Structure formats: structure tokens, C-alpha cells
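Analysis of the macromolecular model
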Amino acid sequence: MSLIRPPMALPKLGSTSDPAMSTDTANATPETAAPEASDPRALTLENVERTLDELRPYLMADGGNVEVVEIDGPIVKVRLQGACGSCPSSTMTLKMGIERKLREAIPEVNEVVQVL
């Protein structure tokens, strides 16, 4: 009794009629083209929100939150909400917490500014 299977022949790339398996990108349609993965380090609202979502549990534990107001070039403008808005330590929270985390995750961020 043999446990070794004979090798299977694999089809050559691009030799199939299945468009999902084709390597021919010249005739690719939106349905058959591979979707471009968004860069998680690009300065987009989605990436800023994703990064802030990692910090929100800590802010909420102290009765606060953060809202993105605007992205103006490399500057992210945020509004601290709840207890964070009136906390004497909000400047430290903004600079040493939120700004530091955003700059680590998204290198394009130069500054995070609080708006009221």
C-alpha cells in the first residue's frame, strides 16, 4: 500500500478560460481585476478613524471621546468630547496620546489640532 500520490498537472497561468485565474490584465474588467488594497498607512479618514478606534476605549473609560472634524493636508483636526473636552489634561491626551499614535500609524500626519 503506497501513501504517495502521483503528481498532479497544474494548468499554466493564463491558459484557463476562467477570468479569475487569468493573468491577462489588459482585458480585465472591474469584476475580474484584483481589488487594490487600501494602504493602511495613507492619510485617509478611514485610516484615521481606524487608529482612533484603538484609543477610544481608553478615552471612554474616563468619560470622553474624540471626533475627527477635518483633515487639512497633513493636519488632523479633532474635537475632544465629554469629559475629555474640559479636562485639564486634555492637551497631554491630545499631544502625547492621540497625536503620537496617529503619527506612528500614519507617517503623513504632521500635527493633530484640537478644535472647539
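Anyway, here's the lowdown on the structure attached to this text. None of the values given here were measured: they were computed from a predicted structure. (Residues numbered from 1 in each chain as written. Predicted model: local features only at pLDDT ≥ 70, side-chain atom pairs only at ≥ 80, totals over all residues. Heavy atoms only, no water.)

**Let's talk about the packing of helix α1 (residues 45-61) against helix α3 (residues 90-105)**
Packing of α1 against α3 leaves a shortest axis separation of 9 Å and a crossing angle of 145 degrees. Between α1 and α3 the crossing geometry is right-handed. The residues of α3 that touch α1, namely those facing Val 48, Thr 51, Leu 52, Glu 54, Leu 55 and Leu 59, are Thr 93, Gly 97, Ile 98, Lys 101, Leu 102 and Ala 105. Taken together, the residues that form the contact of α1 with α3 break down as 7 nonpolar, 3 polar and 2 charged. (Axes fitted to C-alpha atoms, helices over the stretch in contact; angles between N-to-C directions. Helix = DSSP H or I, 4+ residues; strand = E, 2+ residues; numbered from the N terminus. Left-handed = near helix turned anticlockwise from the far one by under 90°. Contact = heavy atoms within 4.5 Å. Nonpolar A, V, L, I, M, F, W, Y, C, P; charged D, E, K, R; others polar.)

**Describing α3**
Compared with an ideal rise of 1.5 Å per residue, which puts 16 residues at 22 Å, α3 spans 21 Å between its outermost C-alpha atoms and is within 8% of the ideal. Along α3, the sharpest kink reaches roughly 30 degrees, centred on Glu 99. Where α3 is concerned, the buried positions are Ser 90, Leu 94, Ile 98, Glu 99 and Leu 102. If you follow the buried residues of α3, they end up packed against α1, β1 (64-72), β2 (75-82), α2 (83-86) and β3 (111-114). (Expected span 1.5 Å × (residues − 1). Bend = angle between axes of the 7 residues up to and from the residue. Buried < 20%, exposed > 50% of the residue type's maximum accessible area, 1.4 Å probe, protein only.)

**Digging into the pattern of salt bridges**
Opposite charge on two side chains permits them to pair, given that their charged atoms come into close proximity. Inspection of every chain in the model, using the stated rule, returns 10 salt bridges. Its salt-bridge partner being Lys 77, residue Asp 72 comes within 3.9 Å of it at the nearest N-O pair. A residue is classified by how much of its surface remains accessible, and Asp 72, at 39% relative accessible area, is partly exposed. We classify Lys 77 as partly exposed; its relative accessible area is 22%. Here Glu 99 ties to Arg 103 by a salt bridge, and the two come within 3.6 Å at their closest N and O atoms. One end of the pair, Glu 99, and the other, Arg 103, are both in helix α3, 4 residues apart, so they sit about a helical turn from each other. Each of Lys 95, Glu 99, Arg 103 and Glu 111 takes part in one network of salt bridges that share partners. (Salt bridge = Lys/Arg side-chain N within 4 Å of Asp/Glu carboxyl O.)

**A word on the pairing of β1**
Bridging between β1 and β2 involves 8 bridges; their strand directions are antiparallel. Across the sheet, Val 68 pairs through a bridge with Val 78, a residue of β2. Joining the antiparallel neighbours β1 and β2 is a turn of 2 residues, in which Gly 73 adopts a positive phi near 65 degrees. (Pairing = 2+ DSSP bridges.)

**Looking at the nonpolar core**
Counting residues in each nonpolar core, the largest one holds 17 residues, and the members touching the most others are Val 48, Leu 52, Val 76, Ile 98, Leu 102 and Val 112. Mapped onto this core, the elements with two or more residues apiece are α1, β1, β2 and α3. A per-element tally of this core places α1 first, with 4 residues. Setting aside its immediate chain neighbours within four residues, Ile 98 contacts Leu 52, Leu 55, Leu 59, Val 66, Leu 80, Thr 93 and Val 112. (Core = buried A, V, L, I, M, F, W, Y, C linked by side-chain atoms within 4.5 Å.)

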